[in-house]
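Chain by chain, the residues:
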Amino acid sequence: MKNNKYVVYWLLTGCALIFIMVVVGGITRLTHSGLSMSDYNLISGTLPPMNEQEWQEAFELYKQYPEFQKLNYHFTLEDFKSIYFWEWLHRVIGRFIGIVFILPFIFFLVTKRLDRSTTKKCLLLLFLGGFQGFLGWYMVKSGLVDRPDVSHYRLAAHLTTAFVTFAYSLWVALDLIYTERKQIAKSFRNLIRIGLVLLLVQIIWGAFVAGLDAGFIHNHWPLMSDGKLIHETVYIEQQPLVKNFYEGKSGVQFVHRYLAYLVVGMVVAVWYRSRKIELSAAQSNGIKSLMVLVGLQFLLGVLTLIYAVPLWLGVLHQVGAFFLLAAMTFTLHRFTK
C-alpha cells in the first residue's frame with residue numbers, strides 16, 4: 001500500500017465517482033429525464049444552454065422525438081428544464097470520470113508507478129469505462145426512434161457495466177492494499193463466487209424492473225396480490241411463456257422478488273459456513289458487512305415495492321445494491337489466494 005498509495009487513491013476516487021454516477025443515473029431514470037438531451041456532443045455538450053435562445057433551441061429539438069410527441073406534449077419550457085438538468089449532470093459526471101481515469105493513468109504510466117500486472121488491469125478499466133459511455137449513448141438512442149422509452153435490455157447493459165466497472169476498480173485497489181492473503185478452502189471461496197454471480201444477475205433483473213416500470217404494479221408483499229379481485233393479478237401475456245420472465249412486467253418483477261430470497265439465502269450460507277473457519281479481521285468484517293447490507297437491501301426492496309417506487313426509496317434501493325456489491329467484492333477478495 002505504501003509504495004502504491006497514490007495509485008490506490010486514484011482507483012478509490014474512481015470508485016466514488018462511479019457511485020455518484022450511478023446515483024445520478026438512478027435519479028435520471030426515476031424522474032424520466034433520460035431522453036431530454038436528444039443529441040450527443042462530446043465537447044460542446046459539456047455546457048448546458050446558457051441563454052433563453054439556446055434553451056428554446058434545445059426544447060424544439062426535444063419536440064421532434066417520441067417522448068414529447070406521445071407523452072410530454074403538455075410540457076412547457078420550464079418543465080423541460082427540470083428534466084434536462086439530471087441528464088445533463090449525468091453526462092457531465094461521465095465525462096469527468098473519463099478525465100479522472102485517463103490523465104492519472106498516463107501520469108502513472110510515464111512515471112513508472114504501475115507494474116506490468118497493474119497496467120494490464122488499468123487498461124481493462126479504461127476499456128470498461130469507454131464501453132460504459134458507448135452503452136449510455138446506445139441506450140438513449142433506443143428511445144428516440146418509435147417509442148418514448150429506452151430498451152430495458154440496453155438499460156440493463158448500461159447499469160450492469162457501471163456496477164462491474166466499480167467492482168473491478170475496487171478489486172484492483174484491493175490488490176494493491178493487501179499484498180498477503182490467507183489460504184482458504186476452495187469450496188468456501190466458490191460459495192462466495194456463486195453469491196457474487198447471483199447478485200449480478202439480481203442487479204440485471206433490477207434494471208429490467210426499472211426499464212419496464214415493473215415496480216409500479218403488484219405493490220404488495222410477500223404475495224404479488226393482496227387477494228382482492230379488484231386489484232391487479234399476475235399478468236401472463238407473451239408467448240412463449242418464458243418471455244414473460246424477461247419481457248413481461250409481472251414476470252420480471254416475479255424473478256426479481258425471488259432472486260432476492262436466493263441472494264439472502266446465499267449470504268446466510270456464507271456466514272454459516274464461515275463460523276467453522278478461522279478468520280482474519282478483514283475476512284470477518286467482510287462477512288459481517290454482507291449480513292447487515294443484504295438485510296438492509298432486502299428491507300429497502302420491500303419498502304420500495306409497497307410504496308410504489310417513490311424517488312428517494314428507489315434511489316436508496318439502488319445505493320443499497322451498490323454497497324452490497326462492494327461488500328461482496330471485498331469479501332471475495334479477502335478469500336481469494
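Q: I'd like a rundown of the overall build of the protein chain, residues and numbers included.
A: If you tally the helices and strands in the protein chain, you get 11 helices and 0 strands. Counted from the first residue to the last, the protein chain has its helices and strands arranged as α-α-α-α-α-α-α-α-α-α-α. Expected size for 337 residues packed as a compact globule is a radius of gyration near 20 Å; at 22 Å, the protein chain falls within 12% of this value. Overall size of the protein chain, expressed as C-alpha extent along the three principal axes, is 65 × 60 × 35 Å. When each of the 337 residues of the protein chain is scored for burial, the buried share is 47%. Residue pairs in contact within the protein chain that sit at least 24 positions apart in sequence constitute 78% of those at least 6 positions apart. Total accessible area on the protein chain stands at roughly 17,400 Å², and carbon and sulfur atoms take up 67% of it. Within the protein chain, one finds 31 positive and 20 negative side-chain charges whose respective centroids are separated by 18 Å.

Q: Lay out the pattern of salt bridges with the relevant residues and their values.
A: For the coordinates displayed, the defined rule picks out 8 salt bridges. Lys81 is the partner of Glu52 in a salt bridge, and the nearest nitrogen-oxygen pair spans 3.9 Å. Taken together, the residues span a long stretch of sequence, with Glu52 in helix H2 (residues 52–62) and Lys81 in helix H4 (residues 77–110) at a distance of 29 residues. Across the pair Lys81 and Glu78 runs a salt bridge whose closest N-O atoms are separated by 3.4 Å.

Q: Would you mind going over a nonpolar patch on the surface in detail, with residue names and values included?
A: A cluster of nonpolar side chains, Leu124, Phe127, Phe131, Phe134, Trp137 and Tyr138, forms an exposed patch at the surface whose accessible area comes to about 570 Å². Positionally, Leu124 belongs in helix H5 (residues 116–142).

Reading guide: rules and limits
Residues numbered from 1 in each chain as written. Predicted model: local features only at pLDDT ≥ 70, side-chain atom pairs only at ≥ 80, totals over all residues. Heavy atoms only, no water. Helix = DSSP H or I, 4+ residues; strand = E, 2+ residues; numbered from the N terminus. Rg over C-alpha atoms; globule rule 2.2 N^0.38 Å. Buried < 20%, exposed > 50% of the residue type's maximum accessible area, 1.4 Å probe, protein only. Contact = heavy atoms within 4.5 Å. Areas by Shrake-Rupley, 256 points an atom, 1.4 Å probe, with all protein chains shown as cover. Lys, Arg positive; Asp, Glu negative; His and termini not counted. Charge placed at Lys NZ, Arg CZ, Asp CG, Glu CD. Salt bridge = Lys/Arg side-chain N within 4 Å of Asp/Glu carboxyl O. Patch = residues over 30% accessible without salt bridge, like charges linked within 9 Å, V, L, I, M, F, W, Y side chains within 5 Å.

Taken by themselves, the reported measurements are silent on function.
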